[in-house]
Amino acid sequence: MQLVVGKIGRAHGIRGDVSVEVRTDEPELRLGPGAVLLTDPAATGPLTVESGRVHSGRLLLRFAGVKDRTAAEALRGTMLIAEIDPDETPEDPDEYYDHQLIGLDVVLADGTPVGELTEVVHLPYQDLLTVERPDGTEVLIPFVEQIVPTIDLDEQRVVITPPPGLIEPIDAAVAGDVGAAGGADDAGVAGEQGGGA
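About the cut-offs
- Residues numbered from 1 in each chain as written.
- Predicted model: local features only at pLDDT ≥ 70, side-chain atom pairs only at ≥ 80, totals over all residues.
- Heavy atoms only, no water.
- Helix = DSSP H or I, 4+ residues; strand = E, 2+ residues; numbered from the N terminus.
- Buried < 20%, exposed > 50% of the residue type's maximum accessible area, 1.4 Å probe, protein only.
- Contact = heavy atoms within 4.5 Å.
- Areas by Shrake-Rupley, 256 points an atom, 1.4 Å probe, with all protein chains shown as cover.
- Patch = residues over 30% accessible without salt bridge, like charges linked within 9 Å, V, L, I, M, F, W, Y side chains within 5 Å.
- Salt bridge = Lys/Arg side-chain N within 4 Å of Asp/Glu carboxyl O.
- Lys, Arg positive; Asp, Glu negative; His and termini not counted.
- Charge placed at Lys NZ, Arg CZ, Asp CG, Glu CD.
- Core = buried A, V, L, I, M, F, W, Y, C linked by side-chain atoms within 4.5 Å.
- Pairing = 2+ DSSP bridges.
- Axes fitted to C-alpha atoms, helices over the stretch in contact; angles between N-to-C directions.
- pLDDT = per-residue confidence, 0-100.

Here's the deal with the overall build of the protein chain
In step 1: Within the protein chain one finds five helices and 12 strands.
In step 2: Per-residue burial for the protein chain yields a buried fraction of 31% across its 197 residues.
In step 3: Long-range contacts, defined as pairs at least 24 residues apart, comprise 46% of the intrachain contacts of the protein chain with a sequence gap of at least 6.
In step 4: Here the protein chain displays about 11,800 Å² of accessible surface, and carbon together with sulfur accounts for 51% of that area.

If you want it as structure tokens, here you go:
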């Protein structure tokens, strides 16, 4: 089983270091010295981590054979992929690998089906779950405990408690609608509140 664990960013300095956007909760295990990583595009790798350090809050790695800034810059945009045992699970019981979640049924707390989890989107500040609805549309669910309180791998389902409007836009309160019903003065107030959020 292959797991994306990082993405190479800009070169740092002149000795071949690169910044890495970490996409794993276990960087010390997946991106530590000696780790051999597959790459996308495949022709770039495999790459062996020679050393790593944190500088100004960013992970910097140096790979064997990458000795200067030019070689490091040529790696920019490369995805780093670790080969893992499909039965391996994270040490923390509240953490999951992407492959454990993809394909799970997504339901509301009352059991109402929402769709199928098709992708985990990793953003710098928050992960999102992509859920494909029965009609083929997709909805993005913030992967936070308040909205995703239960993941049951045995039952192959994810229970969500979305706020109004997240799943069904028709339930959302839209600032423009408030103004239309309440007159011109109300529309101005709604516009200001919407702009400040």
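Brief notes about a negative patch on the surface
In step 1: Residues Asp105, Glu116, Glu119, Glu132, Asp135 and Glu138 make up a contiguous surface patch of negative charge.
In step 2: By the secondary structure assignment, aspartate 135 is in the loop between β9 (127–132) and β10 (138–142).

A closer look at the nonpolar core
In step 1: Grouped together as the largest cluster of nonpolar side chains are 21 residues, with contacts concentrated most on Leu31, Leu37, Phe63 and Leu80.
In step 2: If you list the elements that add at least two residues to this core, you get β1 (2–12), β2 (17–22), β4 (47–55), β5 (58–63) and β6 (79–83).
In step 3: Those residues within four positions of leucine 37 in sequence are excluded, and the remaining contacts are Val5, Arg30, Leu31, Pro46, Leu47, Val49, Phe63, Leu80, Ile81 and Ala82.
In step 4: Counting 16 residues, the second largest nonpolar core, distinct from the first, contains Val114, Val148, Ile160 and Ile167.

Regarding the sheet that holds strand β3 (residues 36–40)
In step 1: Strands sit in the order β1-β2-β5-β4-β3-β6 around a closed barrel of six strands; the barrel is antiparallel. Pairs of neighbouring strands in the sheet enclose a mean axial angle of 50°, with direction left out of account.
In step 2: The pairing of β4 with β5 spans six bridges and is classified as antiparallel. Paired with glycine 52 across the strands is leucine 61, a residue of β5.

Remarks on the confidence of the model for the protein chain
In step 1: Considering every residue of the protein chain, the mean pLDDT works out to 80; 80% of them sit at 70 or more.
In step 2: Every residue in residues 177–197 is under pLDDT 50, and counting partners more than four places away or in other chains gives three contacts.

As for the sheet that holds strand β8 (residues 113–122)
As a general point, the strands of a sheet are linked pairwise by backbone hydrogen bonds and lie either parallel or antiparallel.
In step 1: Here six strands make up an open sheet; going across it, the order is β10-β9-β8-β7-β12-β11 and the pairing mixed. Of all the strands in the sheet, just β10 and β11 (150–152) have a single pairing partner and so form its edges. Across the sheet, the mean angle from the axis of one strand to that of its neighbour is 35°, orientation sign disregarded.
In step 2: Inspection of the sheet shows β8 paired to β9 by six bridges, in the antiparallel sense. Directly across from histidine 122, in β9, lies its bridge partner aspartate 127.

Topic: the pattern of salt bridges
In step 1: Using the criterion set out here, one finds four salt bridges in the structure.
In step 2: Between arginine 53 and aspartate 17 there is a salt bridge, and its shortest N-O distance comes to 3.3 Å. One end of the pair, arginine 53, is in strand β4; the other, aspartate 17, is in strand β2, and 36 residues separate them in sequence.
In step 3: For arginine 53, a relative accessible area of 40% gives the class partly exposed.
In step 4: The exposure class assigned to aspartate 17 is buried, which follows from its relative accessible area of 7%.
In step 5: Residue glutamate 50 is joined to lysine 67 by a salt bridge in which the shortest nitrogen-to-oxygen separation is 3.8 Å.

What about the environment of glutamate 116?
In step 1: Take glutamate 116: it is sitting in strand β8.
In step 2: A relative accessible area of 39% means that glutamate 116 is categorised as partly exposed.
In step 3: In this structure, the C-alpha to C-alpha distance between glutamate 116 and valine 131, residues 15 residues apart in sequence, is 5.3 Å.
In step 4: Among residues more than four places away in sequence, those in contact with glutamate 116 are Gly103, Leu104, Val106, Thr130, Val131 and Glu132.

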